[in-house]
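# A look at the structure
Each chain is listed here by its residues.
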Amino acid sequence: MYHERNIDKYLLEWSKRETHKPLLLRGARQVGKSTAIRHLGEQFESYIEINFERNPEYEALFKSNLMPKE
């Protein structure tokens, strides 16, 4: 069961913009940041979550200069 948060409307506005910058969400521990982002991800056809704390080996993927389309 998902409990709506104040940040949800801002995240939805961000997602609807034609052009938008990458999203960085910061805040206190255990207040629902990850849950809010997962909820936002349900609005998209495709969604991927990369957790560098659980999977530190993924860090290597971002060390090179990747092109956004790649």
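Everything discussed here concerns the structure shown above.
The paragraphs below set out a description of the structure included in this document. Since this is a predicted model, take the numbers as computed values, not measurements.

Right, let's talk about the overall build of the chain for a bit. Within the chain, the regular secondary structure consists of two helices and zero strands. Its C-alpha atoms give the chain a radius of gyration of 14 Å, more than 25% over the compact-globule value 11 Å for 70 residues. For the chain, the spread of C-alpha atoms along the three principal axes comes to 35 × 30 × 20 Å. A total of 70 residues make up the chain; the buried ones form 13% of that total. Summarising the internal contacts of the chain: among those between residues at least 6 apart in sequence, 45% fall at separations of at least 24. In the form shown here, the chain has an accessible surface area of approximately 6,900 Å², with 51% of it arising from carbon and sulfur atoms.

This part takes up the packing of helix H1 (residues 7-16) against helix H2 (residues 33-41). At their nearest, the axes of H1 and H2 sit 10 Å apart, and the two run at 40 degrees to each other. Between H1 and H2, the angle is such that the two are oblique. As H1 packs across H2, the resulting crossing turns out to be right-handed. When H1 is examined against H2, the residues Ile-7, Asp-8, Leu-11, Leu-12, Trp-14 and Ser-15 are found in contact with a partner set consisting of Ala-36, Ile-37 and Leu-40. Taken together, the residues of the contact of H1 with H2 sort by class into seven nonpolar, one polar and one charged.

So, on to the layout of surface pockets. By volume, the largest pocket is sized at about 1,400 Å³. Ranked by the residues each element gives to the lining of the largest pocket, the list is headed by H2, at seven residues.

Thresholds applied
- All residue numbers refer to positions counted from 1 along the written sequence of the respective chain.
- Local features in a predicted model are, by the rule used here, given only for residues with pLDDT of at least 70; side-chain atom pairs are given and counted only at 80 or more, and totals for whole chains, interfaces and linings are based on all residues.
- The side-chain figures draw on all heavy atoms in the structure; neither hydrogens nor water molecules are used.
- We count a stretch as a helix when DSSP gives it H or I for four or more residues in a row; a strand needs E for two or more, and each element gets its number in order from the N terminus.
- C-alpha atoms define the radius of gyration, and 2.2 Å times the number of residues to the power 0.38 defines the globule rule.
- The buried label applies to any residue whose accessible area, calculated with a 1.4 Å probe on protein chains only, is under 20% of its type's maximum; exposed applies above 50%, and partly exposed to all values in between.
- Contacts: residue pairs with any heavy atoms within 4.5 Å of one another.
- Surface accessibility in these figures is a Shrake-Rupley result with a 1.4 Å probe; residues are shielded only by whichever protein chains are displayed.
- Lines fitted to the C-alpha atoms define the axes, with helices restricted to the stretch that makes contact. Angles between their N-to-C directions range from 0 to 180 degrees.
- Roughly parallel covers angles under 35 degrees, roughly antiparallel covers those over 145, roughly perpendicular covers 65 to 115, and oblique covers all other angles.
- Handedness of a helix crossing follows the sense of rotation of the near helix relative to the far helix, less than a right angle counterclockwise being left-handed and clockwise being right-handed.
- Gly counts as polar in this scheme, as do all residues outside two lists: the nonpolar Ala, Val, Leu, Ile, Met, Phe, Trp, Tyr, Cys and Pro, and the charged Asp, Glu, Lys and Arg.
- Both site types are read off a 1 Å grid over the protein atoms alone. A 1.4 Å probe that fits but cannot get out defines a cavity, while an open set with protein on both sides within 12 Å along at least five of seven lines defines a pocket; lining residues have an atom within 4 Å of a point.
- Grid points are joined across faces, edges and corners, and a volume is the space filled by probe spheres set on the points.

Distances and angles like these do not, on their own, reveal function.
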